[in-house]
Amino acid sequence: MTLAFTTFVLFQFFNVFNARAEHGTAFNHSFFRNRWLWLSLVAVLALQVLVVHWVPAQAVFRTTDLALADWALAFVVAASVLLFDELHKLALWFRRRQAGDREAIE
């Protein structure tokens, strides 16, 4: 349950980047510009580590310690939301580009 909880928190962590760039890539020139966003993301990660590894928080949230491999798994699975959205945007870009090429030929 702790691994699932952590994975869902990390899904939202990565989904923030999807929300920042609806049409273009999230990895644009302004990726690091919003220091408040980065500060809040660091805070989210710190709080998640606290909830998972600090005994008083474990008692409140009913979590257990995660191994490093569990954290890595959670990050990889959660990062998929960003990867798939970037692939979706790329596919849409190619589709629009092909439609534009067909219109130019006609």
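Our structure is the block above this text.
Q: What exactly am I supposed to notice about the side chain of Thr-7 here?
A: Tracing the chain through its elements places Thr-7 in helix α1 (residues 2-20). The exposure class assigned to Thr-7 is buried, which follows from its relative accessible area of 12%. If we skip the residues at most four places from it in the chain, Thr-7 touches Ala-74, Val-77 and Ala-78.

Q: Even after reading the chapter, I still don't get the nonpolar core, so can you show me in this structure?
A: Burial of nonpolar side chains together is a common tendency in soluble globular proteins. If you look at the biggest cluster of nonpolar residues, it comprises 12 residues: Leu-10, Phe-13, Phe-14, Phe-17, Ala-21, Ala-26, Phe-31, Leu-37, Leu-41, Ala-74, Ala-78 and Leu-82. Secondary structure elements with two or more residues in this core: α1, α2 (35-53) and α4 (68-105). Ranked by residues supplied to this core, first place goes to α1 with four residues. Beyond its immediate chain neighbours, meaning those up to four positions away, Leu-82 contacts Phe-14, Phe-17, Asn-18, Ala-26 and Phe-27.

Q: Which parts of the structure should I look at to understand the packing of aromatic side chains?
A: The relation between two aromatic rings is expressed through the spacing of the ring centres and the mutual angle of the planes. Applying the stated criterion across every chain yields a total of 11 aromatic pairs. With a centroid separation of 6.2 Å and 80° between ring planes, the pair formed by Phe-13 and Phe-17 is classed as edge-to-face. You can see Phe-13 and its partner Phe-17 sitting in helix α1, four residues apart, about one turn around the helix. For the pair shown, Phe-13 and Phe-17 are each scored as buried. A ring pair is formed by Phe-31 and Phe-32, whose centres lie 4.8 Å apart and whose planes are at 90°; its orientation type is edge-to-face. One aromatic cluster in this structure is built from Phe-13, Phe-14, Phe-17, Phe-27, Phe-31, Phe-32, Trp-38 and Phe-75.

Q: Whenever I open this one, the pattern of salt bridges confuses me. Can you help?
A: Under the criterion given, the structure shown has two salt bridges. Asp-85 serves as the salt-bridge partner of Lys-89, at 3.5 Å between the closest nitrogen and oxygen. Placement of the pair is Lys-89 and Asp-85 together in helix α4, with a separation of four residues, close to one helical turn. Looking at Lys-89, the relative accessible area reads 6%, which means it is buried. By relative accessible area, Asp-85 is classed as partly exposed at 23%. One salt bridge in this structure joins Glu-86 and Lys-89, with 3.1 Å as the shortest N-O distance. With a gap of three residues between them, Glu-86 and Lys-89 both fall in helix α4, about one helical turn apart. For Glu-86, a relative accessible area of 14% gives the class buried. Counted as one network, the salt bridges with shared partners bring together Asp-85, Glu-86 and Lys-89.

Conventions we followed
Residues numbered from 1 in each chain as written. Predicted model: local features only at pLDDT ≥ 70, side-chain atom pairs only at ≥ 80, totals over all residues. Heavy atoms only, no water. Helix = DSSP H or I, 4+ residues; strand = E, 2+ residues; numbered from the N terminus. Buried < 20%, exposed > 50% of the residue type's maximum accessible area, 1.4 Å probe, protein only. Contact = heavy atoms within 4.5 Å. Core = buried A, V, L, I, M, F, W, Y, C linked by side-chain atoms within 4.5 Å. Phe/Tyr/Trp six-rings, centres within 6.5 Å; stacked < 30°, edge-to-face > 60°. Salt bridge = Lys/Arg side-chain N within 4 Å of Asp/Glu carboxyl O.

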